[in-house]
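Observations on the model geometry
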Amino acid sequence: MGSFSIWHWLIVLLIVVLVFGTKKLKNIGTDLGGAVKGFKDGVKDGGAAPDAAAPTPAQVIAAQKAAEANTVDVEAKTKL
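Residues numbered from 1 in each chain as written. Predicted model: local features only at pLDDT ≥ 70, side-chain atom pairs only at ≥ 80, totals over all residues. Heavy atoms only, no water.

As a further point, take the overall build of the protein chain. When its secondary structure is counted, the protein chain shows three helices and zero strands. Ordered by position in the sequence, the α and β elements of the protein chain form the string α-α-α. Accessible surface for the protein chain amounts to roughly 7,900 Å². Of this, 67% is attributable to carbon and sulfur atoms. (Helix = DSSP H or I, 4+ residues; strand = E, 2+ residues; numbered from the N terminus. Areas by Shrake-Rupley, 256 points an atom, 1.4 Å probe, with all protein chains shown as cover.)

Our focus in this paragraph is a nonpolar patch on the surface. On the surface, Phe 4, Ile 6, Trp 7, Trp 9, Leu 10, Ile 11, Val 12, Leu 13, Ile 15, Val 16, Val 19 and Phe 20 cluster together to form a nonpolar patch covering roughly 1,300 Å² of accessible area. Residue placement: Phe 20 occurs in helix 1 (residues 6–20). Take Phe 20: its relative accessible area is 45%, and that puts it in the partly exposed class. (Patch = residues over 30% accessible without salt bridge, like charges linked within 9 Å, V, L, I, M, F, W, Y side chains within 5 Å. Salt bridge = Lys/Arg side-chain N within 4 Å of Asp/Glu carboxyl O. Buried < 20%, exposed > 50% of the residue type's maximum accessible area, 1.4 Å probe, protein only.)

Evaluated as defined, the whole model comprises one aromatic pair. When the ring of Phe 4 is compared with that of Trp 9, the centres are 5.5 Å apart and the planes differ by 70°; the resulting orientation is edge-to-face. Of the two residues examined, Phe 4 and Trp 9, each falls in the exposed class. (Phe/Tyr/Trp six-rings, centres within 6.5 Å; stacked < 30°, edge-to-face > 60°.)

What follows covers the environment of Val 16. Considering the arrangement of structural elements, one finds Val 16 in helix 1. With relative accessibility at 30%, the residue Val 16 sits in the partly exposed group. If sequence neighbours within four positions are ignored, Val 16 has contacts with Gly 21 and Leu 25. (Contact = heavy atoms within 4.5 Å.)

Below, the structure is given as structure tokens:
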């Protein structure tokens, strides 16, 4: 009762595939793999000096906003 056999895991896998579908599971796997790769690249490049040609965060955000056509850009102002 303490350990699961291979048949238990196959039934669980079958239920997961039926609930989520193979396309959704493939997308989740792709996203997870990209996140792991990005993390590894970030750890590897973390000790290196930043490149002068690398875009600033403001440039990256501006490029992302330009790519998203449905984004509404607003500016928050604070009262003094």
